[in-house]
Structures are given as structure tokens and as C-alpha cells.
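For reference, the chains in residue letters:
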Amino acid sequence: MLRWIFFIAFVLLVELYAFQAFKTITKAKWVLIPYQLISLAVIVFVIYSFTQFDRTVGQNKQSLITMGLVLLVFIPKMIVTLFMLGEDIYRVFSGAITHFLGDTPQGDFLPDRRKFVSQLALGIAAVPFVSLIYGMTKGKYNFKVLKQTLHFPDLPESFDGMTITQISDVHSGSFDNPEKIQYAIDLINEQNSDIVLFTGDIVNTHATEMHPWIETFKKIHNPKLGKYSVLGNHDYGEYVEWPSEKAKNDNFEAIKDLHRQIDFKLLLNENIKINNGKEEIALVGVENWGHNFKKAGDLTKASEGLTNDDFKILMSHDPSHWEYEIKNHQTKYHLTLSGHTHGLQFGIEIPGVFKWSPVQYVYKQWAGLYENLGRYIYVNRGFGFHAYPGRVGIWPEITVIELKKS
């Protein structure tokens, strides 16, 4: 109950300050009344949607719309609130000083709000507002092909120049545009890589989410070294309530079978030797292992039969696995491929110059390439989207990695 009181008080504070900003700029009723009505309608819709959320279903189209609306409306208003609250602090101090100096007319303790502060606040708030709209309309399908070349002294000679296409975090239950998804599949095929690797989260929760997209994803070409995949945290169905343990297990089995249906070989805590006719390297696939999520991954089991002399590529959905177990493991895993973070689907990134996202305060490795003592991890920014139905600054990614013998 107490948290609801705090939540309501917070919403009222934000709404009050946002309205004050508009009111400072204009007194026109034809502006202020529609603004109030729209704000009220949004609040009613959001509250209604939250009360209707079905924990046996999980994320659906309405919950995506609701979360998008919450971010679209309240992030800009919170920015305005910060400016207006700052101005109120200034007004109190300014009023106190002039009052005690005896220069304030009686009844005029606080100075009037300054119009330029409201204009500045609304102008700055317009940036995330426009960005979030773009993210929900265009950004979520703004697929980027990002390429990396990695050098290893112990890479087998015949694998020099081998190319890997990695995708991750499909989240098929969020898709709403078949043409855009087909475009992304075509981009994958255009890379003409030697192997295609998928690092987990084929759905949000239910296996049925992927059914409309099976034929589309089957069109990913089967390259000469094959197509392989692992599971992600969302593939275990642990974020909804199930009518029975059997229903949950049946869904999990159906999700695993989805990989077969799109012609990917699912690796479940196991390894396979990739042979090019001359030499071989090891591909290791673990189930999900997350520091704050399900720990089904068993690196020891997945590496059975391998030696330290084997060149190893490891697929592990959650990059925290690399941080806590892999990067300093007694067995050398040359390259780890992960996803999971999505780069939070929100941030600022100038390739090769600067990248920032709030998710970096949770994950040390959250987007792109990282290295430790000659061991690398690449964290894919994700193919799909989840929770927020868009992307701002951190675009959906298809990764192409070339391996070179140094």
C-alpha cells in the first residue's frame, strides 16, 4: 500500500510541474484544456492496462504499447520536473533573501516563474520525446550489420579468414512487421558467412510466439559450417505463472524444438567439433547462466572431451557468465559470444568514439567487443526488442566476425 502512495504522489508531482511549465508559457485555454484531458486519458489508460496485465500470459501487444506510452509521456515530463523543481528551489532562496533584506512587497514572497526556464525545460524534454517516437516507429527495425576482425596466434591455419554471423535475442513475440523481419533475414544471408550462431531468447515466453515466423527464419541460409544456437533466459518460461508444472515443461520442450524447425542445431551444455576438411575447432554451447538470472549453464559438462590446445568458441547468452566464470577460467575460451542486454535498447553510441547506456551500470560487458588476457567476448545488441517497443540510439544488430591468425 505504501508503495502505491509514493507512486501516486510521484505521478501527481510530475503532472503538476509539467502543467506549470505549459501554463508559464501560455494561458490559452485551447492549449491547456486539451493538454490536461490528454494527460488524464494517458494516466487512466496506463492504470487500466496495469490492472489488466495477465501474469499467465506475460508480455503482449497491449503491454508493449503501455510501456511505450509510459516512457514517451513520463520521461519528458520528469525532465521538465527537474527544471521546474530547480527553479522552485531558486525562487525560495531568492524570495527568502529579498524578504529578510526588506525589499519584498508584502504578499510577494516568491518571485514569478521565469518563462525562459519553462521554454528551456520543454525544449530539452522534446529531445527524448521525439527520440522515443522514432524508436517505436523506425528505430526498432533499424538493423545494422557490425563487423569485427579478431586475431589469434593459436587459430588453426586453415580457419584463417573464417567468418561468423551472430544474431541474438530474437524475441519473436514482439514482432509486428513481416517485411522488416524479412529484410533482416536478407541482411543475414548477404553476409555469406561460414557459420551462423544464435545466442538465445527466441521468444519472450511462449513457444507459440515464434510460429508465425518459422518459415521466415528457415530462410537463413545453411552455410558450409552450419547453424547453431543456445538458449537464453526468456526461453525457460520463468516470467509468467503457469497452470501446472507440466504446462511449463511442455512449453520449454516446444521452445527447444523451435530451433530444429528453423534448422538450427541447439547446443545444450555440449560441444561440437567444427571441421573444415583440414582441421577443426570446438564450438561450445551452454544453457543460460546469468549472475542475476537462471543458472542452467554447466561449463564443465559443456566442455567435456576438450583440451586446452583446442581453439574454442563459446556461446553463452548472458555476458555476466564471462565476467564471473569464463574470462579467468583455467581453460582458455578464445571467443565468447553473448547477447541478453540489448544495450537496454536506449543509449548514445558513436561507433568507435563513444557509447553510453544505463545498462552499463549493471553489466561490465554490455555491447560490442571486450578483451581480457587474449580472451574476447562480443556482446550482440540484440535482433529484436522486449518490454519497450522500440530502440533509441542502440540499434538492432547483426554481427559479422572474421577470425584471423596473427
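What you see is a predicted model, and the numbers here were worked out from it, not measured in a lab.

Draft legend 1. The arrangement of the sheet that holds strand E5 (residues 265–266) in detail. One open sheet holds the six strands; their spatial order is E1-E14-E2-E3-E4-E5, and the pairing between them is mixed. At either margin of the open sheet sits one strand with a lone partner, and together these are strand E1 (144–152) and E5. Of the pairings in the sheet, the one linking strand E4 (residues 227–229) to E5 comprises two bridges and is parallel in character. Pairing of Ser229 across the sheet is with Leu266, part of E5. Helix H5 (residues 178–190) contacts E1, strand E2 (163–167) and strand E14 (397–405) of the sheet and is inclined by roughly 10° relative to E14.

Draft legend 2. Representation of the packing of helix H1 (residues 2–25) against helix H4 (residues 115–137) in the model. Here H1 crosses H4 at 125°, and the two axes come no closer than 9 Å. Judged by the inter-axis angle, H1 sits oblique to H4. For H1 against H4, the interelement crossing comes out left-handed. Contacts from Ala21, Phe22, Thr24 and Ile25 of H1 reach H4 at Lys115, Ser118, Gln119 and Leu122. Of the residues that constitute the contact of H1 with H4, the class distribution is four nonpolar, three polar and one charged.

Draft legend 3. Structural context of the packing of aromatic side chains. A full pass over the atoms with the stated rule returns 14 aromatic pairs. Centre to centre, the rings of Phe152 and Tyr376 are 5.5 Å apart; their planes meet at 85°, and the pair counts as edge-to-face. Separated by 224 residues along the polypeptide, Phe152 in strand E1 and Tyr376 in strand E13 (residues 375–379) bring together distant segments of the chain. The pair Phe152 / Tyr376 is uniform in exposure class, with both members buried. Arranged with centres 6.5 Å apart and planes meeting at 5°, the rings of Phe175 and Phe217 form a pair that is stacked. Taken as a pair, Phe175 in the loop between E2 and H5 and Phe217 in helix H6 (residues 214–217) lie far apart in primary sequence, 42 residues in all.

Criteria and thresholds
- Residues numbered from 1 in each chain as written.
- Predicted model: local features only at pLDDT ≥ 70, side-chain atom pairs only at ≥ 80, totals over all residues.
- Heavy atoms only, no water.
- Pairing = 2+ DSSP bridges.
- Helix = DSSP H or I, 4+ residues; strand = E, 2+ residues; numbered from the N terminus.
- Contact = heavy atoms within 4.5 Å.
- Axes fitted to C-alpha atoms, helices over the stretch in contact; angles between N-to-C directions.
- Parallel < 35°, antiparallel > 145°, perpendicular 65-115°, else oblique.
- Left-handed = near helix turned anticlockwise from the far one by under 90°.
- Nonpolar A, V, L, I, M, F, W, Y, C, P; charged D, E, K, R; others polar.
- Phe/Tyr/Trp six-rings, centres within 6.5 Å; stacked < 30°, edge-to-face > 60°.
- Buried < 20%, exposed > 50% of the residue type's maximum accessible area, 1.4 Å probe, protein only.

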